[in-house]
Amino acid sequence: MQLIDHYAAQLQSLKQQGNLRQFTQFHQQGRQIEIVGRSMLNLASNDYLGLAADEKLREAFFDQTPTSERVMSSSSSRLLTGNFAAYEHFEYSLSQAFHGRAALLFNSGYHMNIGILPAISDGRTIILADKLVHASMIDGIRLSSAKYIRFRHNDMLHLQQLLKRYQDDGNFDRIIVVTESIFSMDGDETDLSQLVQLKRQHNKVMLYVDEAHAIGVRGAKGLGCAEQYQVIDDIDFLVGTFGKALASVGGYLICHPVLRDYLINHMRPLIFSTAQPPICMAWTQFIFEHMQQLQQSRQHLQVLSQFLQQQLHNKDYFCPSTSHIVPVIIGDSKDTVERAKQLQQIGFYVMPVRPPTVPQQSSRLRISLNAMIYQQDLEQLLKYL
Ligand SMILES: *Cc1c(COP(=O)(O)O)cnc(C)c1O
């Protein structure tokens, strides 16, 4: 048997289960997405505010950015020669927006999560992570030397029991609670106020909250659920990414200045990887400032989201979502793929999400809404659900 046959057999088995993943080539224009000649309404985008699709915004950015500032590579890690002014400027803006707390930038949200968690933990750390946290946090935890327990999804009572047990365990100096504010697959939310309440009752606890799906979307200035629920100053590691609503790429951390300095000394993906091109930094900052003024888009997105959630409830779908990420849970993978295909044929680009991204038998159509969509679009879609 050839060595390659082993891998071919694995692929074959994925295909049989309806779980084979493949790249598709497509073209995006505004709210539409075009695949092999068919144009569909894009209901799978992370461009929640429509900023990535906005060509005028891109033009405005290039108009105000002289060629001397359009630097396409940093050629090095920030600790060597890659620390261009664009980084420091943007960190300063972030810091200003987030109540003067320290800010640190990363090449991506994935880098951020796989880098911070191992850096801040050791054998005397226990990490308690929500059962449904994103793969990047799971990978970060696996790379760390911390002990690790997952609590039942969004179950604050379970978390409280674990905190009680480990608070008095002499083997541990610190407990890091890891969760998301809006969850990627169910679109439901962590009760951040309650989480902060729990932290106040346990002096070993630090909170790590990923706002990947909330930055830009929640809070009056779009700073995330932490702004919305007024807990910006209470979360030790407030992280998020620029790859979704912020129409760019990269990750950020809002934290105590000591933690920022500590990470600069200990975080391997920060130390050993070339920093993002300065032009990306300038663009992300441009978007970050623009985004803070988009209350109307945020309001529209919320109205749309509530409409879709309500309509799905009326149709007896189980819908855990309280956000713009709205899953329609079907169960079986093949059925889900079939339903997605049908919707695509009538002009709605909806993606099926299958194991291992979600638990077995919870395959779903993952509808992710954005501010370019109208209620009439959803009314059309609902006729077919
Ligand atoms: C998308 C996502 C990430 C990864 O961020 P990238 O910038 O795309 O690498 C991390 N955490 C969560 C919760 C995400 O949804």
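Residues numbered from 1 in each chain as written. Predicted model: local features only at pLDDT ≥ 70, side-chain atom pairs only at ≥ 80, totals over all residues. Heavy atoms only, no water.

In the nomenclature of an unreviewed UniProt entry, the chain corresponds to 8-amino-7-oxononanoate synthase from the organism Acinetobacter rudis. Its UniProt record, at the heading Cofactor (unreviewed entry), says of the chain: "pyridoxal 5'-phosphate". Within the UniProt record for the chain, the comment given under Catalytic activity (unreviewed entry) is "6-carboxyhexanoyl-[ACP] + L-alanine + H(+) = (8S)-8-amino-7-oxononanoate + holo-[ACP] + CO2". (UniProt positions renumbered as here; feature names shortened; annotations may be inferred.)

Attention now goes to the pattern of salt bridges. Tallied over the full model, the rule gives 12 salt bridges. Where R142 meets D139, a salt bridge forms, and the shortest distance between an N and an O atom there is 3.7 Å. With R142 and D139 both in helix α5 (residues 135–143) and three residues apart, the pair spans about one turn of that helix. Under the relative-accessibility criterion, R142 is labelled exposed at 63%. For D139, a relative accessible area of 22% corresponds to the partly exposed category. (Salt bridge = Lys/Arg side-chain N within 4 Å of Asp/Glu carboxyl O. Helix = DSSP H or I, 4+ residues; strand = E, 2+ residues; numbered from the N terminus. Buried < 20%, exposed > 50% of the residue type's maximum accessible area, 1.4 Å probe, protein only.)

With their axes 10 Å apart at the nearest point, helix α12 (residues 295–314) and helix α14 (residues 375–382) run at an angle of 20° to one another. Taken together, the axes of α12 and α14 are roughly parallel relative to one another. For α12 against α14, the interelement crossing comes out right-handed. Contacts between α12 and α14 involve L304, F307, L308, Q311 and L312 from the former and Q375, L378, E379 and L382 from the latter. Looking at the contact of α12 with α14, its residues break down into six nonpolar, two polar and one charged. (Axes fitted to C-alpha atoms, helices over the stretch in contact; angles between N-to-C directions. Parallel < 35°, antiparallel > 145°, perpendicular 65-115°, else oblique. Left-handed = near helix turned anticlockwise from the far one by under 90°. Contact = heavy atoms within 4.5 Å. Nonpolar A, V, L, I, M, F, W, Y, C, P; charged D, E, K, R; others polar.)

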